[in-house]
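Observations on chain architecture
Each chain is listed here by its residues.
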Amino acid sequence: MPDFMPDPAVNANAITISALYKTYDNGFKALAGIDLEIKRGEIFALLGPNGAGKTTLINAVCGIVQPSSGHIRVCGYDNAVQYRAARSAIGLVPQELTTDAFESVWNTVSFSRGLFGKPKNPATIEKILKDLSLWDKKDEQIRKLSGGMKRRVMIAKALSHEPQVLFLDEPTAGVDVELRKSMWAQVRALRETGVTVILTTHYIEEAEEMADRIGVINKGQLVLTEEKNALMQKMGKRQMVFTLRDAIQAIPPALSAYGLALAENGAKLIYTYNTHQASHDVSDMMDVLKANNIRPKEIDSRSSSLEEIFIELVGA
Amino acid sequence: MNWRGIWAIYNFEMGRTWRTIGQSIASPVISTVLYFIVFGAAIGSRIQAINDIPYGAFIVPGLVMLTILGQSISNASFGIYFPRFTGTIYEILSAPLSYVEIIIGYVGAAASKSVLIGVIVLITAAFFVPMRIMHPFWMLFFLVMTSITFSLMGFIIGIWADGFEKLQLIPLLIVTPLTFLGGSFYSINMLPEFWRGVSMLNPVVYLVSGFRWSFYEHGDVSLATSVMMITAFTTISIAIIAWMFRTGYRLRK
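This write-up is about the structure you can find in this document. From a predicted model like this one, the values you see are computed outputs, not experimental measurements.

This part is about helix α3 (residues 55-86) of chain B. Residue and element names in this part refer to chain B. Between its terminal C-alpha atoms α3 stretches 46 Å, which fits the 46 Å expected from 32 residues at 1.5 Å a residue. The sharpest bend along α3 comes to roughly 30 degrees, located at Pro61. Here α3 lies mainly inside the structure; 25 of its 32 residues are buried. Immediately downstream of α3, the backbone of Gly87 shows phi near 100 degrees, a positive value.

Right, here's the structure in full:
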């Protein structure tokens, strides 16, 4: 049984990472000073381009990678000193689909629960398998399952010991839209039960859909951590594209205050503005346009996605 | 101690044995039978008794050793190498398990399987040659200690190897020759003096000798020497593993 000291860390963060560095033996600096706090019950999305350090960060927290320096606490427990308590609190779904091909679904999930030192509990495993729509496959060998089902088996394994913190490393890579939606619903349901969820993803719409808070990591450093809504407000832009009846050569000086741009040889006029700066009023601008005999034939309006914000942040 | 975790690993590994029952148990039994037909019945009848022990009976302890050395190494090395190869090792590393617990699980299962196979080989042998075991306690002692020690060595190989060829390399190039030259099929005392001296450098000689002593009260070296040597090998294996784990060698990046 976990031989942890009673650390009354009830109010502790789910994850506290301080000054974490990791340089691999080949000299690659995967993590270069990460400080991060993740509150209990949050859904936290970690975004970053390939090779940014997302998986290294997760593996360091889960005990698979040895950090070069720095400290990690999981639910208040130091993951180096009180590793049993720290690791007991974590469920990990790694990026790669790695399963024991010849085991049955039931056995592999029960095995995971045993590894984490939990007593047998068929009812819990039954519930997990049913929630993940794996119940009718419980006696199948894993190699006979489809990719999406294998992914769900891995989630079931991670949940088998009832962790408080769940890491999902690219959970929906290679998963079809329907299954992705159902996974999102399951993640939300988990959060309802108090589980903290940390996910990395390449699908930014996934982060946009799911996360309470977003961390952007690039070259081993956290570029930013922010509430998702705040991030969208702060960095989100809106654009209006006016397709003109008659192309214009230049923007009349009267419109200079609006920061307009011409496109397609003057056939289109683009107005970019920040969603939450109400300094400009479109109807005012329309009046000026009309006064200058600029007549839009069509107006398109769009807001920037998290994806665009992300690309701007990592300079990709 | 995370006993449930140890049990989970042990059970998983034994499950692999039962799943592959054919190659796990049938193949050592078949090869033993072949050895007995060739060396025991066909050639053995023309070889004179060694230390008054008929040749067929003389080779029984050596054959058991030959089998459990090979089985221990291949089982334990495969047991830990395969999850490293497929990536399922992530789960073992992220579980609340100490290195000692991981070893007990994997090495315990590999050694159990070896002991089981050793016993099966012995039972098979009993059908072919008259056999007696004069010191059952020492027989079990050598059987168990050798299984554990060579499973530990197999575990080391399984962590060291970074490809399937390497997994075969040491058993093929080192263990098999050492076993064949370790007195499985002859007594070291039958060798010319120079080669007898060289043989004394072969660790397997001490294992076979001690094991054979437990059957017939006759060994190439004294029981005490054999006991000392097997204990030394176990200690060395444990020391190497301790070093590997302390440095995270090839397991935790």
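Text resumes after the structure shown.
This part covers unusual backbone geometry. Residue and element names in this part refer to chain A. Positive phi, close to 55 degrees, is recorded for Glu170, a residue that is not glycine. Within the secondary structure, Glu170 sits in the loop between β7 (165-169) and α6 (177-192). With relative accessibility at 4%, the residue Glu170 sits in the buried group. Positive phi values are uncommon outside glycine, yet Glu264 reaches one of about 50 degrees. Secondary-structure assignment places Glu264 in the loop between β12 (260-263) and β13 (268-274).

This part covers the packing of helix α9 (residues 203-216) of chain B against helix α10 (residues 223-247) of chain B. All names here are of chain B. For the pair α9 and α10, interaxial distance at closest approach is 9 Å and the crossing angle is 130 degrees. Relative to α10, the element α9 lies oblique. Seen from above, α9 lies across α10 with left-handed handedness. Taking contact as the criterion, the partners of Pro203, Tyr206, Leu207, Ser209, Gly210 and Trp213 in α9 are, on α10, Leu223, Thr225, Ser226, Met229, Ile230 and Phe233. For the contact of α9 with α10, the class distribution of residues is 8 nonpolar, 4 polar and no charged.

Residue and element names in this part refer to chain A. Position of Asn218 relative to the elements: it lies in strand β9 (residues 213-218). Judged by its relative accessible area of 15%, Asn218 is buried. In this structure, Asn218 is in contact with Pro49, Ala52, Val223 and Val314, ignoring residues within four places of it in sequence.

Let us now look at the sheet that holds strand β5 (residues 77-78) of chain A. All names here are of chain A. Spatial ordering of the open sheet is given by β2-β1-β4-β5, a layout of 4 strands whose pairing is antiparallel. Every interior strand has two partners, whereas the edge strands, β2 (29-38) and β5, have only one. In this sheet, strand β4 (residues 69-74) lies alongside strand β1 (residues 15-23) in antiparallel orientation, the contact comprising 5 bridges. Note on β4: the bridge partner recorded for Ile17 is Ile72. Along the sheet, helix α1 (residues 54-62) makes contact with β1, β2 and β4, crossing β1 at roughly 115 degrees.

Residues and elements named next belong to chain A. Strand order in the open sheet formed by 4 strands is β12-β13-β11-β14, with antiparallel pairing between adjacent strands. Only two strands of the sheet have a single partner each, and these edge strands are β12 and β14 (296-303). Sheet twist, expressed as the mean angle between neighbouring strand axes with direction ignored, is 25 degrees. Against the sheet, helix α9 (residues 282-291) contacts β11 (237-244), β12, β13 and β14, and its axis sits at roughly 25 degrees relative to β11.

Basis of the calculations
- Residues numbered from 1 in each chain as written.
- Chains lettered and ligands numbered in written order.
- Predicted model: local features only at pLDDT ≥ 70, side-chain atom pairs only at ≥ 80, totals over all residues.
- Heavy atoms only, no water.
- Helix = DSSP H or I, 4+ residues; strand = E, 2+ residues; numbered from the N terminus.
- Expected span 1.5 Å × (residues − 1).
- Bend = angle between axes of the 7 residues up to and from the residue.
- Buried < 20%, exposed > 50% of the residue type's maximum accessible area, 1.4 Å probe, protein only.
- Axes fitted to C-alpha atoms, helices over the stretch in contact; angles between N-to-C directions.
- Parallel < 35°, antiparallel > 145°, perpendicular 65-115°, else oblique.
- Left-handed = near helix turned anticlockwise from the far one by under 90°.
- Contact = heavy atoms within 4.5 Å.
- Nonpolar A, V, L, I, M, F, W, Y, C, P; charged D, E, K, R; others polar.
- Pairing = 2+ DSSP bridges.

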